[in-house]
Amino acid sequence: MSGTPAPHQQESSSGITAVRSAGDDGATPMMAQYLDIKKNYPDSLLFYRMGDFYELFFDDARSAAEALDITLTRRGRYKGEDIPMCGVPVRAAETYLSRLIKRGFRVAICEQMEEPSARRSGGGGKTPVRRDVVRHVTPGTITEDNLLDARAHNYLAALAQTESQADECALSWLDMSTGDFYVRTTPVEEVSAGLARLMPGEVLASDSLFAHPVLGSVLKAQEAALTLLPDRQFSSIAGERRLLDYFNVKTLDSFGDYSRAQLAACGALLDYVATTQMGEMPVLNAPVHETAGSIMVIDAATCANLELTRTLEGQRRGSLLSVIDRTVTGAGSRLMADDLTAPLMEAALINNRLEAVGFLVEEEELRTALRGDLKACPDMARALSRLSLGRAGPRDLAALRDGIIQAHKAAARLNAITPKTLDQFSSPLLGDIALAIGHHAAGLEDHLTRALGAPDAQGRAGYELPPTSREGGFIVEGYDAALDELRTLKDESRRIMASLQERYAEETGIRTLKIRHHKALGYHLDAPSSQADKLMAPPFSESFIHRQTLTNVVRFTTTELSTLAQRIEEAAGQALELEHELFKALAEEALVLRDNIMSMSSAMARLDVVTSHAQLASEQRYCRPVVDESRAFRIINGRHPVVEAALVREGANFVANDCRLDCTAEEVGRQTMTPARRLWLMTGPNMAGKSTFLRQNALITILAQMGSFVPADEARIGVVDRLFSRVGAADDLAQGRSTFMVEMIETAAILHRAGERSLVILDEIGRGTATFDGLSIAWAVLEHLHDVNRCRGLFATHFHELTVLSARLDNLANATIRVKEWEGEVVFMHKVEAGSADRSYGIQVARLAGLPEAVLTRARDVLTWLESNSTPAKTDGPSDLPLFAGTQTGAKNTSDPLHERLKEIHPDTLTPKDALELIYDLKKLHTSLSDD
């Protein structure tokens, strides 16, 4: 396995050099062992277990010390130089591991595989204990709760391609922490959109794919960790075998038809997971095939521009997701994010979701009760994944218990709905959910409740369970008779020990004599130094055996105490071992029912999303959209959900607007102020709200097709297959691309891919270059969208010249944002209306931005002249403007005598004498003109 090193690991190669020198003179046996293990993980930090610490050496130590802000020390020498070292406590390793993973590192966890005493040699020396890597932690393969965001998926993705299908790729992705597993075929030009939608933690690709002229650029631009694997890891034959072996089937026919590239991508994922987990495989669902045309295509630029799941600054707060998410579980929030970035395209499926939302909008009491059940439901999928990987503890069993209990409560509520009510609201999705979360796994629920105890009134365990089964104390009394007997013996022995201490104190007359426990010595007696001689003299010396003398106390033991201590330790050890075995039995029982539990978990997540949409609609006055297979697009009093939420927080109101594209004749008759053609050309000043209007209609479309109610009074949307948004300015200096180049690349992608069912949002095309160049580009783009793409769209511009196109383009309408001027001030009304803007009000906006008054006054003078002289190259301008002064001088000089004389000269016919005379003539002419 190979990988792309994290940036922090590329600064020096000394660590790798040391690895290659394993076995050279100067290495201690322990260091030789370290170097031998490290050579297999050159691109990862090696956590080398030494007692209670994970130690790091050489470049690993330097990188980790810098990233974790911990002390860099030295240990021994190698090849004549000190060995850099740092370490982290094993008990706090997950905290440090989290910080390293977030910084882009990979970490190999190397554990001691035996006790140190096992390596004692006959001569009294020691050889290193056997160590091995038990897990390779990478950004896409983490499963611990404290390393993951509960409300976001952590996908591991893989790309594969076959030579016979060079124009498309297979994209497969899975989440180890939940078991979700997907695969789809996607055109090469849409790979970037697919990865932008998933936002994976790690992407796997072959070396040859990284060299691909298009895909290589896409992979290099990814924010995710990129792991390059040899081409052989993407063999479709090996991939098919891995799928068959993992799911223990003879054929994949029941899973669907796989292309060779899909087999390669899925197989690479399974192989990578097995390698990083050292053969321990998580619970994974069979790969779900996403078919072409099943979800709306949203490219990477659009996803970023619209700030669907995170803002341009990379924050969740301020994104569309943060505003609409009312889910109460981590699984529900993850599903909501998936829905938002992959809106459906089948009207029937969309309306199935909308019907469920509508039902719960009306049934407020039921919605509230269900949200209460969901709030107490832990993350069953992630708990089950940790069980399958052997990283779970009693808390994960409790999560399954509580999740099953809450699922059964929710199912009972749904099943109690009268048939009449269901018929009225027609909600088959809720019926499917009720079936999936019904009385499945009831036996497991009973066993877990009897073993761990029942949760409290809030749906949680009535006591704090330990994080690992080795700590014990989580199985309740009465579940296992043998465990109860051992615990009784242990507890009784402690009472006996207390009585023994009291008896010894009475017999010796030393009232301060205490029985203590020491990690190395075990149970012993502590006597004050002033009275220790008494125990060393007859008759007490015969029964009290001296163990250790300290400054203030002297330690003793007795045969009776040693026997009792042994009984306690044996009972405690046997109880812990038995409790651990009971844990494993319960875990195995849960894993047998993993399909039922995964189905239940998925259904509860969907229920959380549906109730969240209903809660949002009820709180924010969202309406149910009509979604069909037409090309209609009518939004009445639509609002921008994110901007509206921000205004409400400030005590202001959002100004709603209509948007009607491609309306029917009946709908045209109903319109008042807004045009009814499928392409709008929008003009108006900056700050008036054009960009907000453009974005809000795109967001409303996404919300409708994900199955949510929308911020409007009324909405009808014919299914959109692709959504494109080119809004705002950004550069890509790392790739050598200016703002204008990025704008043109994104615009080109839209013109090549948009079709009749697409929705295109464009803002200020052509503004990044010279005026006439920009106007020409915007003009041509607008015509192409109208005549060739034939899509629905909103095109905002400051090129007012484009408004004349509405006279000859049948499906282009002009729209503008209403403004008013009052005593020299511009007032933005934020209201869309038919027509075009007469000017851009740029100077007024500049005044609002705080430009100096002198600059504003000068700008008004220049603007007044420019507006009255539309062709400055042929018209005299303000005499004090260098631009126009130069133009005037040029115009005068084209007809003066000196220029006329020069026109008459033919250099090829001049003799040397004629040329000299000509120079004297020109000099005289210049002197006379200067005197004038």
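As the structure is a prediction and not an experimental result, all values here were calculated from the model.

Criteria and cut-off values
Residues numbered from 1 in each chain as written. Predicted model: local features only at pLDDT ≥ 70, side-chain atom pairs only at ≥ 80, totals over all residues. Heavy atoms only, no water. Phe/Tyr/Trp six-rings, centres within 6.5 Å; stacked < 30°, edge-to-face > 60°. Helix = DSSP H or I, 4+ residues; strand = E, 2+ residues; numbered from the N terminus. Buried < 20%, exposed > 50% of the residue type's maximum accessible area, 1.4 Å probe, protein only. Contact = heavy atoms within 4.5 Å. Pairing = 2+ DSSP bridges. Axes fitted to C-alpha atoms, helices over the stretch in contact; angles between N-to-C directions. pLDDT = per-residue confidence, 0-100. Parallel < 35°, antiparallel > 145°, perpendicular 65-115°, else oblique. Left-handed = near helix turned anticlockwise from the far one by under 90°. Nonpolar A, V, L, I, M, F, W, Y, C, P; charged D, E, K, R; others polar. Expected span 1.5 Å × (residues − 1). Salt bridge = Lys/Arg side-chain N within 4 Å of Asp/Glu carboxyl O.

**Some remarks on the packing of aromatic side chains**
Here's step 1: All told, the structure shown has 13 aromatic pairs when counted by the stated rule.
Here's step 2: For the pair Phe 474 and Phe 583, a centre-to-centre distance of 6.2 Å together with 85° between the ring planes defines the contact as edge-to-face. Of this pair, Phe 474 sits in the loop between α19 (442-452) and α20 (481-508) while Phe 583 sits in helix α22 (residues 559-592), placing them 109 residues apart in sequence.
Here's step 3: For Phe 474, a relative accessible area of 0% corresponds to the buried category.
Here's step 4: Ring plane angle 75° and centroid distance 6.2 Å describe the contact between Phe 540 and Phe 544, whose orientation is recorded as edge-to-face.

**Some remarks on the side chain of Thr 816**
Here's step 1: Inspection of the secondary structure puts Thr 816 in strand β26 (residues 812-822).
Here's step 2: Residue classification places Thr 816 among the buried positions, given a relative accessible area of 5%.
Here's step 3: If we skip the residues at most four places from it in the chain, Thr 816 touches Thr 683, Gly 684, Lys 831, Val 832, Glu 833, Ala 834, Gly 835, Ser 836 and Ala 837.

**A few points about the sheet that holds strand β16 (residues 545-549)**
Here's step 1: Read from one edge to the other, the open sheet built from four strands follows the order β14-β15-β17-β16, with strand pairing classed as antiparallel. Both edges of this open sheet fall to β14 (514-518) and β16, since each of them pairs with a single strand only. Mean inter-strand twist for the sheet, computed between neighbouring axes without regard to direction, equals 40°.
Here's step 2: Set on the sheet, α20 makes contact with β14 and β15 (522-528); between it and β14 the angle comes to about 130°.
Here's step 3: With respect to the sheet, α22 is in contact with β14, β15 and β17 (553-557), its orientation differing from that of β15 by roughly 140°.

**Remarks on the pairing of β17**
Here's step 1: For β17, the tally of buried residues reaches four of five residues, placing the bulk of the element in the interior.
Here's step 2: Note: β16 against β17, four bridges, orientation antiparallel. In the strand pairing of β17, Gln 548 is matched with Arg 555.
Here's step 3: Counted between consecutive antiparallel strands, the loop separating β16 from β17 contains three residues.

**What about the confidence of the model for the protein chain?**
Here's step 1: With 86% of its residues at a pLDDT of 70 or more, the protein chain shows a mean pLDDT of 85.
Here's step 2: Note on residues 664-674: pLDDT under 50 across the span, and 17 contacts to partners over four residues away in sequence or across chains.
Here's step 3: Note that residues 883-894 has pLDDT below 50 and, in this model, 14 contacts with residues that lie over four places away or in other chains.

**Some words on the packing of helix α16 (residues 394-415) against helix α18 (residues 428-436)**
Here's step 1: At a minimum axis distance of 9 Å, the contact between α16 and α18 shows a crossing angle of 140°. As far as their axial angle goes, α18 and α16 are oblique. Where α16 crosses over α18, the two elements pack in a sense that is left-handed. Side by side, α16 and α18 meet where Ala 411, Leu 414 and Asn 415 of the first sit next to Leu 430, Ile 433 and Ala 434 of the second.
Here's step 2: Here the residues of the contact of α16 with α18 are counted per class, giving five nonpolar, one polar and no charged.

**Observations regarding helix α13 (residues 347-362)**
Here's step 1: Here α13 is 16 residues long and its end C-alpha atoms lie 22 Å apart, about the 22 Å a rise of 1.5 Å per residue gives.
Here's step 2: Counting buried positions along α13 gives 12 out of 16 residues, so the element sits mostly inside the fold.
Here's step 3: By the burial criterion, the buried members of α13 are Ala 347, Ile 350, Asn 351, Asn 352, Arg 353, Leu 354, Glu 355, Ala 356, Val 357, Gly 358, Phe 359 and Leu 360.

**Topic: the pattern of salt bridges**
Any two side chains of opposite charge can pair if their charged atoms end up close together.
Here's step 1: The full count for this structure, using the stated rule, is 40 salt bridges.
Here's step 2: Notably, a salt bridge pairs Asp 36 with Lys 39, separated by 3.0 Å at the nearest N-O pair.
Here's step 3: On the basis of relative accessibility, which here comes to 43%, the residue Lys 39 falls in the partly exposed class.
Here's step 4: Linking Arg 722 and Glu 190 is a salt bridge whose minimum nitrogen-to-oxygen distance equals 2.5 Å. Of the two residues, Arg 722 sits in strand β23 (residues 722-726) while Glu 190 sits in the loop between β9 (181-187) and α5 (191-198), which places them 532 residues apart along the sequence.
Here's step 5: Judged by relative accessible area, Glu 190 falls into the buried class, the value being 8%.
Here's step 6: Residues joined by salt bridges that share partners form a network here, namely Asp 145, Arg 386 and Asp 396.

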